[in-house]
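# Tertiary structure, described
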Amino acid sequence: MILGKWMRIDLSGKTALVTGGARGIGRQICLKLRSAGAVVIINYAKSAEAAISLQSEIGHGTDIIKADVSKEDEVGAMFDYIKKTHKKLDILINNAGVIKDNLLAAMEMSDWDKVLDVNLRGTFLCSKYAAGMMMANHSGRIVNVASIAAVKCSRGQVNYAASKGGVVSFTRACAVELAPKGILVNAILPGMIVTDMSARVRKRAGDLILSSIPLGRYGAPEEVAALAVFLASDLSSYITGQAIPVDGGMTVS
Ligand SMILES: NC(=O)c1ccc[n+]([C@@H]2O[C@H](COP(=O)([O-])OP(=O)(O)OC[C@H]3O[C@@H](n4cnc5c(N)ncnc54)[C@H](OP(=O)(O)O)[C@@H]3O)[C@@H](O)[C@H]2O)c1
């Protein structure tokens, strides 16, 4: 049936790279991309064990590669490997991210630099190399995992908010530049999602946060992954340059 076929997300024949794919939201994105049929390359920086275990859980159709996304030599080597081994790249999910929260007056330069380096510079570097590969096929999808921190600010997150705001502006600029090359670029703005990253703040301010979420609960990594897979697929063929919240209504309350 035509409608049934159209509604199904089918990524068979596609190759996808997920940065920070071994844990948290990235892990769920890897699982969903693979179950939609894509070959999935799982990037990790420190979590070798988690990456290996995810690869063996998924089995066939996966690869793992270590690279710190904030270091150009490591990103360059990762893309050289992808070119050599997989020949092409159809989907890039810039998911790798860190937080180093502190109040502005107390923030160390190293905490500012680390967050900007991984979240913004890492997104730039991976997009630059991926776009080079995608242009050759005149098609591609780049999905940047930003945050609602780009639009709704919390105390102690000037570095994180600046990095994710930068990712959103970067997304828009890339979308304009890459549209004539057949490459669509969008961002996801997760709200409070249950992963290691949000554990401390959920423990410290859980009740307050829950009261600010219209749906009355935290999000699951799978709920972010669902949008990532949609944006990576042909179903999103007329959407580019957008920043879409997955936040239980937090940004509209
Ligand atoms: N959880 C939330 O509530 C929430 C809300 C809004 C936005 N986000 C965003 O969602 C994304 C995923 O976060 P998460 O919640 O899944 O956090 P997480 O569980 O802490 O995972 C972070 C991931 O980023 C990777 N990473 C960190 N530094 C890296 C580097 N230099 N190079 C490559 N990979 C690196 C980690 O890999 P290794 O362990 O291998 O270092 C890990 O896989 C991040 O961009 C985050 O900012 C999360």
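Just above, that's the structure.
As the structure is a computational prediction, the values presented were derived from the model and not from experiment.

The next thing to look at is the overall build of the chain. Helix and strand content of the chain: eight helices and seven strands. Here the chain has a C-alpha radius of gyration of 17 Å; the compact-globule value for 253 residues is 18 Å, and the two agree. Relative to its full complement of 253 residues, the chain shows a buried share of 47%. Relative to all contacts within the chain whose residues are 6 or more apart in sequence, the contacts with residues 24 or more apart total 71%. For the chain, the exposed surface amounts to about 12,400 Å²; the carbon and sulfur share of it is 57%. A distance of 3 Å separates the average location of the 29 positive side-chain charges in the chain from that of its 22 negative side-chain charges.

Here we take up the packing of helix H2 (residues 24-35) against helix H8 (residues 221-232). Packing of H2 against H8 leaves a shortest axis separation of 8 Å and a crossing angle of 50 degrees. If you check the angle between H2 and H8, you find them oblique. For the element pair H2 and H8, the recorded crossing hand is right-handed. Residues Gly24, Ile25, Gln28, Ile29, Lys32 and Leu33 of H2 lie in contact with H8, whose contacting residues are Pro221, Glu222, Val224, Ala225, Ala226, Ala228, Val229 and Ala232.

Evaluated as defined, the whole model comprises two aromatic pairs. Between phenylalanine 79 and tyrosine 129 the ring centres are 5.8 Å apart and the planes differ by 25 degrees, which places this aromatic pair in the stacked class. Of the two residues, phenylalanine 79 sits in helix H4 (residues 72-86) while tyrosine 129 sits in helix H5 (residues 109-137), which places them 50 residues apart along the sequence. For phenylalanine 79, a relative accessible area of 0% puts it in the buried group. Overall, the relative accessible area of 24% leaves tyrosine 129 in the partly exposed class. Plain terms: the ring middles of phenylalanine 124 and phenylalanine 170 are 6.5 Å apart, the flat faces sit at 80 degrees to each other, and that makes the pair edge-to-face. Of this pair, phenylalanine 124 sits in helix H5 while phenylalanine 170 sits in helix H6 (residues 158-178), placing them 46 residues apart in sequence. A relative accessible area of 39% means that phenylalanine 124 is categorised as partly exposed. For arginine 202, the ring lying beneath its charged end belongs to tyrosine 218, and the centroid distance is 5.6 Å.

A few words now on the packing of H2 against helix H3 (residues 48-58). Helix packing geometry: the angle between the two helix axes and the distance between the axes. At their nearest, the axes of H2 and H3 sit 11 Å apart, and the two run at 20 degrees to each other. Accordingly, the angle class assigned to the pair H2 and H3 is roughly parallel. For the pair H2 and H3, the crossing hand works out as right-handed. For the pair H2 and H3, contact is made by Arg27, Cys30, Leu31 and Arg34 and by Leu54, Glu57 and Ile58, respectively. A per-class count over the contact of H2 with H3 returns four nonpolar, no polar and three charged.

Note on placement: alanine 38 falls in the loop between H2 and strand E2 (39-44). For the pair alanine 38 and aspartate 90, spaced 52 residues apart in sequence, the C-alpha separation works out to 9.4 Å. Once residues within four sequence positions are removed from consideration, alanine 38 is found in contact with Leu11, Ser12, Lys14, Leu33 and Gly61.

Conventions and cut-offs
Residues numbered from 1 in each chain as written. Predicted model: local features only at pLDDT ≥ 70, side-chain atom pairs only at ≥ 80, totals over all residues. Heavy atoms only, no water. Helix = DSSP H or I, 4+ residues; strand = E, 2+ residues; numbered from the N terminus. Rg over C-alpha atoms; globule rule 2.2 N^0.38 Å. Buried < 20%, exposed > 50% of the residue type's maximum accessible area, 1.4 Å probe, protein only. Contact = heavy atoms within 4.5 Å. Areas by Shrake-Rupley, 256 points an atom, 1.4 Å probe, with all protein chains shown as cover. Lys, Arg positive; Asp, Glu negative; His and termini not counted. Charge placed at Lys NZ, Arg CZ, Asp CG, Glu CD. Axes fitted to C-alpha atoms, helices over the stretch in contact; angles between N-to-C directions. Parallel < 35°, antiparallel > 145°, perpendicular 65-115°, else oblique. Left-handed = near helix turned anticlockwise from the far one by under 90°. Phe/Tyr/Trp six-rings, centres within 6.5 Å; stacked < 30°, edge-to-face > 60°. Lys NZ or Arg CZ within 6 Å of the ring centre and 35° of its normal. Nonpolar A, V, L, I, M, F, W, Y, C, P; charged D, E, K, R; others polar.

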